[in-house]
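These are the residues of each chain, in order.
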Amino acid sequence: PKAADFYQALITLFPNSPIAWNSQIKLARLYEQMGRWQDALVVLTNMIQGGNEPSAQLLLGRMWLHGIRNVEAAQPLYQALANQPLPTTQGWEVRLRLAECHILREQYAAAQNILRPIAEGNGNFKAEARKLIGDSYLFDGRFEDAIKEYKSVLDITSAEAVSNDALDGIVLIQSNSDYNHEPLK
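Only a predicted model underlies this, so the values are computations on that prediction, with no experimental measurement involved. Sequence order sets the numbering: in each chain, residues are counted from 1 along the sequence as written. A pLDDT threshold of at least 70 governs which residues receive local features in this predicted model, and a stricter bar of 80 or more applies before side-chain atom pairs are shown or counted, although totals over entire chains, interfaces and linings include all residues. Side-chain numbers come from the whole structure's heavy atoms, not from hydrogens or water.

**Here's the deal with the nonpolar core**
Nonpolar side chains tend toward joint burial in soluble globular proteins.
Link 1 in the chain: Here, nonpolar core refers to any group of buried Ala, Val, Leu, Ile, Met, Phe, Trp, Tyr and Cys residues whose side-chain atoms link them within 4.5 Å. The buried label applies to any residue whose accessible area, calculated with a 1.4 Å probe on protein chains only, is under 20% of its type's maximum; exposed applies above 50%, and partly exposed to all values in between. Core analysis: the largest hydrophobic core is formed by 35 residues, its most contacted members being Tyr-78, Leu-96, Leu-115, Tyr-150 and Ile-173.
Link 2 in the chain: Strands here are runs of E lasting at least two residues and helices are runs of H or I lasting at least four, both read from the DSSP assignment and numbered beginning at the N terminus. Where this core is concerned, the elements lending two or more residues are helix H4 (54–68), helix H5 (71–82), helix H6 (88–104), helix H7 (108–119), helix H8 (126–139), helix H9 (143–156) and helix H10 (161–175).
Link 3 in the chain: Judged by nonpolar contacts, the second largest core, of 19 residues, contains Ile-11, Leu-27, Leu-30 and Leu-77.

**Some remarks on the packing of aromatic side chains**
Link 1 in the chain: Whether two aromatic rings pair depends on their centres lying within 6.5 Å, for rings of Phe, Tyr and Trp, where Trp uses its six-membered ring; planes under 30 degrees apart make the pair stacked, over 60 edge-to-face, and the rest tilted. Counted according to the given criterion, the structure contains 1 aromatic pair.
Link 2 in the chain: The rule for a charge over a ring is simple: NZ of Lys or CZ of Arg within 6 Å of the ring centre, and within 35 degrees of the ring normal. Here Arg-95 stacks its cationic end above the ring of Trp-92, 5.4 Å away from the centre of that ring.

**Brief notes about H9**
Link 1 in the chain: The span you would expect from a helix comes to 1.5 Å times its residue count less one. Over its 14 residues, H9 extends 20 Å from the first C-alpha to the last, a length consistent with the 20 Å expected when each residue adds 1.5 Å.
Link 2 in the chain: Every buried residue belonging to H9 is among Phe-143, Ala-146, Ile-147, Glu-149, Tyr-150, Ser-152 and Val-153, and all of these are buried.
Link 3 in the chain: Residue contacts are counted whenever heavy atoms from the two residues lie within 4.5 Å of one another. Buried-residue contacts for H9 involve H7, H8 and H10.

**Brief notes about the packing of H8 against H10**
Link 1 in the chain: Angles run from 0 to 180 degrees between N-to-C directions of axes, and those axes are lines fitted to C-alpha atoms, restricted for helices to the stretch in contact. Packing of H8 against H10 brings their axes to within 9 Å, and their N-to-C directions diverge by 25 degrees. Classed by the angle they form, the pair H8 and H10 counts as roughly parallel. For the pair H8 and H10, the sense of crossing is left-handed. Facing H8, whose interface residues are Ala-127, Glu-128, Lys-131 and Leu-138, H10 presents Val-162, Asp-165, Ala-166, Leu-172 and Ile-173.
Link 2 in the chain: Taken together, the residues of the contact of H8 with H10 break down into 6 nonpolar, no polar and 3 charged. Every angle not falling under 35 degrees, over 145, or within 65 to 115 is termed oblique; those three ranges are roughly parallel, roughly antiparallel and roughly perpendicular. Each crossing is labelled by how the near helix is turned from the far one, with a counterclockwise turn of less than a right angle marking it left-handed and a clockwise turn marking it right-handed. Polar here means any residue other than Ala, Val, Leu, Ile, Met, Phe, Trp, Tyr, Cys and Pro, which are nonpolar, and Asp, Glu, Lys and Arg, which are charged; Gly is therefore polar.

This is the structure:
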């Protein structure tokens, strides 16, 4: 709480400055860590209304998608960002989160169309793209395809959190393989 007060004071003392912008981002991330989603949304919404800030929009999308879990609010935000010229890393991040929105809305083909170029490339997001493709197969009931994608994640890396998620997916499918995967369906 004292850190939040400190960032609020910086925002008030130095409005419309890089100090205020950095403080707003840090304040939003602090609110995210504290689980104060509505406060974070207010800060980020004010930043976005003040100008087109892709990093603030990305953080806002993450709040909607992973914090508040409102896919309907996150997807249009990511769709708008996907149509903007962004630095490479932010562009890949936007595409991954947009694909995640499609998966959660049961639009598996759309998600896979977004993810395939990332998964077949050589970038840092290749493993996560493969894992999300595996998730799309899992939720679509294509369990063998899901296992194949999850195993490809393990071929790429075994040290990242995404590989642990892939292992969890494999174990989930294999532990429910009896009765023709009825428990998973």
